[in-house]
2 protein chains.
Amino acid sequence: MSVLIVGSTALDSIKTPNAENPRLLGGSASHAAVAASFFSPVKLVGVVGNDFPKRYIQLYQRHRIDLEGLQILPGKTFHWSGEYEINMNNRRTLLTELGVFETFTPTLPKAHQSAQFVLLANIAPSLQLHVLKQMQRPKFVVADTMDLWLNIALADLLKLLKRLDAFVLNDSEAHMLTKEDNMFSALKKIHKLGPKYVIIKKGSHGSILSSPRGFFICPAYPLHCVVDPTGAGDSFVGGMIGYLATAKGSIDDHIRRGMIYGSVVASFCCEGFGLMRTTRIKRAEIDRRVKELEKLTRF
Amino acid sequence: MSVLIVGSTALDSIKTPNAENPRLLGGSASHAAVAASFFSPVKLVGVVGNDFPKRYIQLYQRHRIDLEGLQILPGKTFHWSGEYEINMNNRRTLLTELGVFETFTPTLPKAHQSAQFVLLANIAPSLQLHVLKQMQRPKFVVADTMDLWLNIALADLLKLLKRLDAFVLNDSEAHMLTKEDNMFSALKKIHKLGPKYVIIKKGSHGSILSSPRGFFICPAYPLHCVVDPTGAGDSFVGGMIGYLATAKGSIDDHIRRGMIYGSVVASFCCEGFGLMRTTRIKRAEIDRRVKELEKLTRF
């Protein structure tokens, strides 16, 4: 089944201690869409300006990403610039130029409204809600977020949470949202806000799922070298929903393995700037790392 | 087979955001010995003063810990006092009174010299070396350490490393020792210093093993409430070597499961002050958490 992915489509200028790369293809929806494309057909909804390089359109197309929902408007593409510190764990934003993203309203083409698997990648919760209102009856809706929305759009986010099957956030965001230090207490509070599945991301320490069937400790695939972690979280959730859309049976039967696939795609994402490594992944490489993770966690 | 454990035996006064407990039984060897005692007979080597409470001797005895190697000297028992911050991750030392520990020389009774499984729990590397020199031909020697020795006794530590089968340290210590940010690079450098098995502890994020057979990602058992993490690392390595001493076959066949057992004993340790929870563990509770960890990591 195909996956509908809505989020930001951007140009990222990224600086790390070792290198600098301007105007790479980025944005939550770009990373998630390419990640999901290794498993399922993807429909992308986003907005870019008329400065958006043609080679990035071609990149989406090489991944057979349906671009009917990608608006190309007069003006500039959303441009984000950031810098990572020496250990690659902390980053600071140098510049944010919203461009055409400032007035973006995601409008779903008719064919998109019946999608069964929906990923609301990180954008304003009001836009994520606006997408859901246009959907018919999706089987599985997962949303990602960021600390900014917890600070400036909490009311919208709380409205959104009531309508989600799954919610993905990182550990510091879980703490911000619930004021709980303990993970179990935080998870319990987030479930009460709506979602049946809650995933807390912990960067290189992996992630934790809380679902009706119980908890799951999902490892990160250990890397010899992190080149650029931008988009790793988006790749994780993109890979997960891409895998879920191919699996028969209940979500709870497959979400653990889905997280492992997401974790593996995220590991490739970190091995190159922007989408440079992700776009070169071969499916057999993904399966190999999944097998390795099986071995790495067996006792 | 029995396990020989050498390290500090102390009185710990511990303050957390919620409570304060003076003069608890503590020290690396105490935590490790009680942890190992759930699996194998333990011989403890350490020193206490004549102020050492009789009830703590009885506590060791209840765990059938052989105290022939425990020196009781005129003077005061090593006393450590520390305080944890609100999230229980950072602690600061308030006071260290070495007492009889200041001139401690671990001398092994004859019966101890032929032990097959040896844990050199955290004490000065020169003392850990001194113990090894008295041993006949142990099958498996593991040592733990702390940042202090990396700072003030690095030469001794490097000498020790050449004689170990396994070395356990935490992630910040691995970084201190190797100057490497990447875990794989750090592990590679530590192997070059001697030990065939290297375990990097990451607190609530679990631990990583590097062994001839490859890597292992060992999860921490997730806790609803951390009361006092003092001694968790010692409990981990104590539980691990206790389990290993019961297992037939090669170390590499069993060390992964040994780490899981250690991780589970460490989880109980965190649920009470000092050794309060650890001493009340029932073997069936350990096995239950090991089974849970199996379920929590399966995909």
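Residues numbered from 1 in each chain as written. Chains lettered and ligands numbered in written order. Predicted model: local features only at pLDDT ≥ 70, side-chain atom pairs only at ≥ 80, totals over all residues. Heavy atoms only, no water.

Caption draft 1: Representation of the interface of chain B and chain A. Contact with chain B, which involves 29 residues of that partner, is made by 29 residues of chain A. Carbon and sulfur atoms make up 66% of the area that chain B and chain A hide from each other, which totals about 2400 Å². Applying the counting rule to chain B against chain A returns 0 salt bridges. Remark: the boundary between chain B and chain A carries 6 residue pairs in polar contact (both at pLDDT 80 or more). Elements that contribute at least two residues to the side of chain B that touches chain A include exactly helix 7 (183-192), strand 13 (214-218), helix 9 (251-270) and helix 10 (283-297) of chain B. Here the side of chain B that touches chain A takes 6 residues from helix 10 of chain B, the largest share from any one element. (Contact = heavy atoms within 4.5 Å. Buried area = accessible area lost by both parts, 1.4 Å probe. Salt bridge = Lys/Arg side-chain N within 4 Å of Asp/Glu carboxyl O. Polar contact = N/O pair within 3.5 Å; in protein donor to acceptor, adjacent residues only side chain to side chain. Helix = DSSP H or I, 4+ residues; strand = E, 2+ residues; numbered from the N terminus.)

Caption draft 2: Fine view of the sheet that holds strand 7 (residues 91-97) of chain B. Residue and element names in this part refer to chain B. One open sheet holds the 4 strands; their spatial order is 3-2-6-7, and the pairing between them is mixed. The sheet is open, and its two borders are formed by strand 3 (20-26) and strand 7, each paired with just one other strand. The average angle at which neighbouring strand axes cross in this sheet is 20 degrees, direction not considered. In this structure, strand 6 (residues 79-84) lies alongside strand 7, joined through 6 bridges in antiparallel fashion. (Pairing = 2+ DSSP bridges. Axes fitted to C-alpha atoms, helices over the stretch in contact; angles between N-to-C directions.)

Caption draft 3: Expanded view of the sheet that holds strand 12 (residues 207-211) of chain B. Residues and elements named next belong to chain B. Spatial strand order, 5-4-1-8-9-10-11-12-13: 9 strands in an open sheet with mixed pairing. Looking at strand neighbours, the two that pair on one side only are strand 5 (65-73) and strand 13, the edges of this open sheet. This sheet shows a mean twist of 15 degrees between the axes of neighbouring strands, independent of strand direction. Note that strand 12 and strand 13 share 5 bridges and pair antiparallel. Residue pairing across strands places isoleucine 208 opposite isoleucine 217, the latter belonging to strand 13. In the packing of helix 2 (residues 54-62) onto the sheet, the strands contacted are strand 4 (42-49) and strand 5, and the crossing angle to strand 5 comes to about 160 degrees. Contacts from helix 8 (residues 232-244) reach strand 1 (3-6), strand 8 (117-120), strand 9 (140-144), strand 10 (166-170), strand 11 (197-201) and strand 12 within the one sheet, and its direction differs from that of strand 9 by about 175 degrees.

Caption draft 4: Summary view of empty space enclosed by the protein. Residue and element names in this part refer to chain B. According to the stated counting rule, one finds 1 cavity of 30 Å³ or more in the structure shown. Estimates place the volume of the largest cavity at around 30 Å³. Lining the largest cavity, in full, are Phe117, Lys139, Leu244, Ala247, Gly249, Ser250, Ile251 and His254. Its residues assigned to classes, the lining of the largest cavity comprises 4 nonpolar, 3 polar and 1 charged. (1 Å grid on protein atoms, 1.4 Å probe; cavity = no way out; pocket = protein on both sides within 12 Å on 5 of 7 lines; lining within 4 Å. Points joined across faces, edges and corners; volume = space filled by probe spheres on them. Nonpolar A, V, L, I, M, F, W, Y, C, P; charged D, E, K, R; others polar.)

Caption draft 5: Spatial organisation of the pattern of salt bridges. Residues and elements named next belong to chain A. In the structure shown here, the tally under the stated rule is 24 salt bridges over all chains. Here arginine 289 ties to glutamate 271 by a salt bridge, and the two come within 3.0 Å at their closest N and O atoms. On the criterion of sequence distance, the pair formed by arginine 289 in helix 10 (residues 283-297) and glutamate 271 in the loop between helix 9 (251-270) and helix 10 is long-range, its members being 18 residues apart. Judged by relative accessible area, which is 11%, arginine 289 ranks as buried. Judged by its relative accessible area of 24%, glutamate 271 is partly exposed. (Buried < 20%, exposed > 50% of the residue type's maximum accessible area, 1.4 Å probe, protein only.)

Caption draft 6: Representation of the environment of B:Val6. Residue and element names in this part refer to chain B. Here valine 6 shows up in strand 1. Since its relative accessible area comes to 0%, valine 6 is described here as buried. Along the sequence, valine 6 and leucine 70 sit 64 residues apart, while their C-alpha atoms lie 9.4 Å from each other. Not counting residues within four places of it along the chain, the set of residues in contact with valine 6 comprises Ala29, Val45, Pro106, Leu119, Leu120, Ala121, Ile123 and Val131.

Caption draft 7: Structural view of the pairing of strand 11 of chain B. Residue and element names in this part refer to chain B. Across the 5 residues of strand 11, 5 count as buried, placing the element largely inside the fold. Bridge count for strand 10 against strand 11 is 5 bridges, and the pairing is parallel. Across the sheet, residue asparagine 170 finds its bridge partner in strand 11, namely lysine 201. Taken together, the 4 bridges between strand 11 and strand 12 define a ladder with antiparallel strand orientation. In the strand pairing of strand 12, isoleucine 200 is matched with isoleucine 208. Hairpin connection, strand 11 to strand 12: the antiparallel pair is bridged by 5 residues, and glycine 203 has positive phi, about 60 degrees.

Caption draft 8: Here's a closer look at unusual backbone geometry. Look at A:Lys179: it is not a glycine, yet its phi comes out positive at around 60 degrees. Inspection of the secondary structure puts A:Lys179 in the loop between helix 6 (171-178) and helix 7 (183-192). In the Ramachandran plot, B:Arg64 falls in the positive-phi region, its phi being about 50 degrees despite a non-glycine side chain. By the secondary structure assignment, B:Arg64 is in the loop between helix 2 and strand 5.

Caption draft 9: Representation of the state of the cysteines. Inspection of every chain in the model, using the stated rule, returns 0 disulfides over all chains. With no disulfide of its own, B:Cys269 lies closest to B:Cys270 among cysteine sulfurs, the gap being 5.4 Å. (Disulfide = S-S within 2.5 Å.)

Caption draft 10: Representation of helix 3 (residues 125-134) of chain B in the model. Residues and elements named next belong to chain B. With respect to burial, helix 3 is a largely interior element, 7 of its 10 residues being buried. Listing the buried residues of helix 3 in full gives Pro125, Leu127, Gln128, Leu129, Val131, Leu132 and Gln134. For helix 3, the elements touching its buried residues are strand 1, strand 8, strand 9, helix 4 (147-152) and helix 5 (154-161).

Caption draft 11: Broad picture of the relation of the copies chain B and chain A. If you rotate chain B by 180 degrees and push it 0.0 Å along the axis, it lands on chain A with an RMSD of 0.0 Å. Read as a symmetry element, the transformation amounts to a two-fold axis. For chain B, the minimum C-alpha distance to the rotation axis belongs to B:His205 and amounts to 3.1 Å. Both copies present the same face, since 100% of the interface residues in chain B are matched by interface residues at the equivalent positions in chain A. (Least-squares fit on C-alpha atoms with pLDDT ≥ 70 in both.)

Caption draft 12: View of the layout of surface pockets. The space that makes up the second largest pocket amounts to roughly 350 Å³. Residue lining of the second largest pocket: 17 residues in total, with A:Lys295, A:Leu296, B:Arg213, B:Gly214 and B:Phe215 positioned closest to the centre. Breaking the lining of the second largest pocket down by element, the ones donating at least two residues are helix 10 of chain A together with strand 13 and helix 9 of chain B. The leading source of residues in the lining of the second largest pocket is helix 9 of chain B, at 5 residues. Tallied by class, residues from the lining of the second largest pocket come to 6 nonpolar, 3 polar and 8 charged.

Caption draft 13: Local environment of the environment of B:Gly238. Structurally, B:Gly238 can be placed in helix 8. Considered as a pair, B:Gly238 and B:Tyr84 are 154 residues apart in the sequence and their alpha carbons are 23 Å apart.

Caption draft 14: Main features of the side chain of B:Lys43. Residues and elements named next belong to chain B. Structurally, lysine 43 is set in strand 4. Since its relative accessible area comes to 17%, lysine 43 is described here as buried. Among all residues touching lysine 43, those that are not within four sequence positions of it are Ser2, Val3, Leu4, Ile5, Asp66, Ala111 and His112.

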